[in-house]
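# Tertiary structure, described
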Amino acid sequence: QVQLVESGGGLVQAGGSLRLSCTASGSIFRIDAMGWYRQAPGKQRDMVAAITSGVDINYADSVKGRFTISRDNAKNTVYLQMNSLKPEDTAVYYCNADVVLRRYWGQGTQVTVSS
């Protein structure tokens, strides 16, 4: 069993910044990839950014140039630096980790961006 705990969400004004973090713990042999997804009310959960163990990175088109994902393998932690936030970024942000072909999810952290 693997547990993921996110932190760093909150309420910010448009143009502001937040930094999310997520730490994995439990029965971990190898984390193949970690990433961030988000889900707004009435919408599906979509990938925001992901990073593999080989540090290959993918971003959603809507966040390119504004968000940066990074990973500290020694701490089993992934970060999401979010700059120039827009109201449309408002969502619950979920951390995920792929461990030996099995996907785990955090509980989510709310990000709200006001106009």
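This report concerns the structure included in the present document. This one's a predicted model, so the numbers in the text were calculated from it and none came from an experiment. (Residues numbered from 1 in each chain as written. Predicted model: local features only at pLDDT ≥ 70, side-chain atom pairs only at ≥ 80, totals over all residues. Heavy atoms only, no water.)

## Considerations on the overall build of the protein
The criterion, for reference: Secondary structure follows DSSP: runs of H or I at least 4 residues long count as helices, runs of E at least 2 residues long count as strands, and numbering of each begins at the N terminus. The quantity called the radius of gyration is restricted to C-alpha atoms. Its globule counterpart is 2.2 Å times the number of residues to the power 0.38. Any residue under 20% of the maximum accessible area for its type is buried, any over 50% is exposed, and the rest in between are partly exposed; the area is computed with a 1.4 Å probe on protein chains only. Residue contacts follow a heavy-atom distance rule, with two residues in contact if any of their heavy atoms lie within 4.5 Å. For the charge count, each Lys or Arg is scored as positive and each Asp or Glu as negative, with His and the chain ends excluded. To locate a charge, take NZ of a lysine, CZ of an arginine, CG of an aspartate or CD of a glutamate.
Counting its regular elements, the protein contains 0 helices and 11 strands. For the protein, the α and β elements follow one another from N to C terminus as β-β-β-β-β-β-β-β-β-β-β. What you see for the protein is a C-alpha radius of gyration of 13 Å, in line with the 13 Å of a compact globule of 115 residues. In terms of overall dimensions, the protein has a C-alpha envelope of 45 × 25 × 25 Å along the principal axes. Burial analysis of the protein (115 residues in total) assigns 41% to the buried set. Expressed as a percentage of contacts within the protein between residues at least 6 apart in sequence, the contacts between residues at least 24 apart total 53%. Each charge class in the protein was averaged separately, 12 positive and 9 negative side chains, and the resulting centres sit 2 Å apart.

## What about the side chain of D89?
One can find D89 in the loop between strand 8 (77-82) and strand 9 (91-99). Relative accessible area serves as the criterion here: at 1%, D89 is assigned to the buried category. Setting aside anything within four residues of it in sequence, one finds D89 in contact with R38, R66, F67, S84, V111 and V113.

## Some remarks on the pattern of salt bridges
Counted only if it meets this: Here a salt bridge means any side-chain nitrogen of Lys or Arg lying within 4 Å of a carboxyl oxygen belonging to Asp or Glu.
Throughout the structure, instances matching the rule amount to 4 salt bridges. The shortest N-O distance in the salt bridge between D61 and K64 comes to 3.1 Å. There is no split in this pair, since D61 and K64 are both exposed. In this structure, the salt-bridge partner of D89 is R66, at a minimum N-O distance of 2.8 Å. Pair noted here: D89 is in the loop between strand 8 and strand 9 and R66 is in the loop between strand 6 (57-59) and strand 7 (67-72), with a separation of 23 residues, a long-range link. Considered together, D89 and R66 belong to a single accessibility category, that of buried residues.

## Re the state of the cysteines
Our working definition: Pairs of cysteine sulfur atoms within 2.5 Å are what we label disulfides.
Summed over the entire model, instances satisfying the criterion amount to 1 disulfide. Paired by a disulfide, C22 and C95 hold their sulfur atoms 2.0 Å apart. Across the disulfide from C22 to C95, rotation about the S-S bond amounts to roughly -80°, and the bridge is consequently left-handed. On the criterion of sequence distance, the pair formed by C22 in strand 3 (residues 18-26) and C95 in strand 9 is long-range, its members being 73 residues apart. Summarising the burial analysis for this pair, C22 and C95 share the class buried.

## Digging into the packing of aromatic side chains
The description of two aromatic rings rests on the distance between their centres and on the angle between their planes. To keep things clear, this is the line we draw: Side-chain rings of Phe, Tyr and Trp, where Trp is taken by its six-membered ring, are said to pair if the distance between their centres is within 6.5 Å; with planes under 30 degrees apart they count as stacked, over 60 as edge-to-face, and otherwise as tilted. Whether a charge sits over a ring comes down to the Lys NZ or Arg CZ being within 6 Å of the ring centre and within 35 degrees of the ring normal.
Counted according to the given criterion, the structure contains 1 aromatic pair. With a centroid separation of 5.0 Å and an interplanar angle of 75°, the aromatic rings of Y37 and W105 are classed as edge-to-face. Note that Y37 is positioned in strand 4 (residues 31-39) and W105 in strand 10 (residues 102-105), a separation of 68 residues in sequence. Lying over the aromatic face of Y94, R45 brings its terminal NZ or CZ to 3.7 Å of the ring centre. For R45, the ring lying beneath its charged end belongs to W105, and the centroid distance is 4.7 Å.

Distances and angles like these do not, on their own, reveal function.
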